[in-house]
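One letter stands for each residue in the lines below.
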Amino acid sequence: MSIIQQLFTERFRPKTLEQMILLPRVREELNKGLTQNILFYSNSPGTGKTSSTRILSKDYVTKYVDATTDGKVTTIESIDKFCSTISLEGGKDSIKCVVLEELTGASDEFIERLLPLVERHAKNSRFIGSINYINKLSEPLLSRFNCICFEPINSEEEEYLLSEYFKRLGTILTAAKITFTKEILEKFIKDSFPDMRSRLNSIQSFYNRGVKELNDKNFNINYDFIDLFNTCINKPDPVENYKFISSEYSSKINDAMSALGLNFIDFLVQNKPDKIDKIPTIIIAVAEYQAQLNQVIDKLVSLLACVYKIQLILNN
């Protein structure tokens, strides 16, 4: 398959633990396999939680639950039924696996009913959870999992991860025939560290646009969202804004919100220097909408509201 025919985040997604970039303490835990319930967490997205989950669960009969959209009481009933039935598909030692993604989006009742479920099926099921903000989960739930932080917790771990990211992304840039210097690649990595996914998305944007060199002028602009940035700069047009954002960004809301908080600021500095005084207010507004994202029923509404708010700030 041609390099341009597949998303870089999938093309370069590790398929084994050996291919993963993991902190040594994290690798030590994951090498033990799925011997207990595990919760992966990090404040930043793109640190390897999803890839690790896929690798650990691939040899088991697995049920996937997105707690943001499926964190309901009826889902608990389906999990209970899944764990209770005898698998005819085999699987590693007949143990089943339940993957719980984005647990912060689950209702309180879902979490309350999940607690006894985890213990009731301890003999034949393992649970893997993932979350960005661990402080949003209750102690009773956390006590039922081996909680593993994917972010560096000291300077030594940070240096290790930066070094591994440098080698991996340098190889990918070379494969994409994009030149770089040591200094600019380090700057590129640190700009969204430790989010590897955003860096892969940026490199694919460069590749698709025919960018041949990673430099100070282009490294921190996510070209995938240029149209969204321009929409934010324009005066509010409720009907057209709704049509455009619904059709273009409904499937990548999290990435769009992330781009508004980071890349959009650099875009303003380079393209609208007369609006620089608005940046603090914009950052505060975007941060508020990002914080609410996993708590709302419809994320698209939050993205629309955030864009309208930025338009009002810039055109006031």
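What counts as what
- Residues numbered from 1 in each chain as written.
- Predicted model: local features only at pLDDT ≥ 70, side-chain atom pairs only at ≥ 80, totals over all residues.
- Heavy atoms only, no water.
- Helix = DSSP H or I, 4+ residues; strand = E, 2+ residues; numbered from the N terminus.
- Buried < 20%, exposed > 50% of the residue type's maximum accessible area, 1.4 Å probe, protein only.
- Contact = heavy atoms within 4.5 Å.
- Areas by Shrake-Rupley, 256 points an atom, 1.4 Å probe, with all protein chains shown as cover.
- Lys, Arg positive; Asp, Glu negative; His and termini not counted.
- Charge placed at Lys NZ, Arg CZ, Asp CG, Glu CD.
- Arc of directions from axis to C-beta.
- 1 Å grid on protein atoms, 1.4 Å probe; cavity = no way out; pocket = protein on both sides within 12 Å on 5 of 7 lines; lining within 4 Å.
- Points joined across faces, edges and corners; volume = space filled by probe spheres on them.
- Nonpolar A, V, L, I, M, F, W, Y, C, P; charged D, E, K, R; others polar.
- Pairing = 2+ DSSP bridges.
- Axes fitted to C-alpha atoms, helices over the stretch in contact; angles between N-to-C directions.
- Polar contact = N/O pair within 3.5 Å; in protein donor to acceptor, adjacent residues only side chain to side chain.
- Expected span 1.5 Å × (residues − 1).

1. Considering the overall build of the chain
Now for step 1: The helix and strand inventory of the chain stands at 16 helices and five strands.
Now for step 2: By principal-axis analysis of the C-alpha atoms, the chain measures approximately 60 × 45 × 40 Å.
Now for step 3: Burial status across the chain gives 48% buried among its 316 residues.
Now for step 4: Restricting the contact set of the chain to residue pairs at least 6 apart, pairs at least 24 apart contribute 77%.
Now for step 5: When the accessible surface of the chain is totalled, it reaches about 16200 Å², and 50% of it is carbon and sulfur.
Now for step 6: Taking the average place of the 39 positive charges on the side chains of the chain and the average place of its 41 negative ones, the gap between the two points comes to 3 Å.

2. Topic: helix 13 (residues 253-261)
Now for step 1: Three or more residues of helix 13 are buried, namely Ile253, Ala256, Met257, Ala259 and Leu260. With its buried residues spanning 160° around the axis, helix 13 presents them on a single face.
Now for step 2: Tucked inside the fold, the buried residues of helix 13 contact helix 11 (226-233), helix 12 (238-249), helix 14 (263-271), helix 15 (279-292) and helix 16 (299-315).

3. Some words on empty space enclosed by the protein
Now for step 1: Per the counting criterion, the structure on display carries two cavities of 30 Å³ or more.
Now for step 2: In this structure, the largest cavity encloses a volume near 60 Å³.
Now for step 3: In terms of lining residues, the largest cavity is bounded by Ile21, Leu22, Leu23, Val26, Thr47, Phe150, Leu161, Tyr165 and Pro194.
Now for step 4: Its residues placed into classes, the lining of the largest cavity shows eight nonpolar, one polar and no charged.
Now for step 5: The volume enclosed by the second largest cavity comes to roughly 30 Å³.

4. Brief notes about unusual backbone geometry
Comment: phi is negative for the bulk of residues other than glycine, and the bulk of peptide bonds are trans.
Now for step 1: The step from phenylalanine 193 to proline 194 runs through a cis peptide bond, and the omega angle for that step is 5°.
Now for step 2: Looking at the secondary structure, you find proline 194 in the loop between helix 9 (182-190) and helix 10 (196-209).
Now for step 3: In this model, lysine 177 sits at a positive phi of 60°, which is unusual for a non-glycine residue.

5. So, the sheet that holds strand 2 (residues 61-66)
Now for step 1: Within the open sheet, the five strands sit side by side as 2-3-4-1-5. Their pairing is parallel. Edge strands, defined here as strands with exactly one partner in the open sheet, are strand 2 and strand 5 (146-149). With strand direction ignored, the average angle separating the axes of adjacent strands in the sheet is 15°.
Now for step 2: Sheet topology note: the strand 2/strand 3 (residues 96-101) ladder contains six bridges and is parallel. Residue pairing in the sheet places valine 65 in a bridge with leucine 100 of strand 3.

6. Observations regarding the side chain of serine 192
Now for step 1: The residue serine 192 is located in the loop between helix 9 and helix 10 in this model.
Now for step 2: With relative accessibility at 9%, the residue serine 192 sits in the buried group.
Now for step 3: Of the polar contacts made by the side chain of serine 192, one reaches the side chain of serine 198; its length is 2.9 Å.

7. Some remarks on helix 12
One turn of an α-helix holds 3.6 residues; hence residues three or four places apart share an orientation.
Now for step 1: If you check helix 12, its first and last C-alpha atoms are 16 Å apart, about what 12 residues at 1.5 Å a residue would give, namely 16 Å.
Now for step 2: Those residues of helix 12 that sit buried are Asn241, Ile245, Ser246 and Tyr249. Viewed end-on, helix 12 has its buried residues packed into an arc of 115°, placing them on one side of the element. Among the exposed residues of helix 12, those pointing more than 90 degrees away from its buried face are Lys243 and Ser247.
Now for step 3: Structurally, helix 12 contributes buried residues whose contacts are with helix 11, helix 13 and helix 16.

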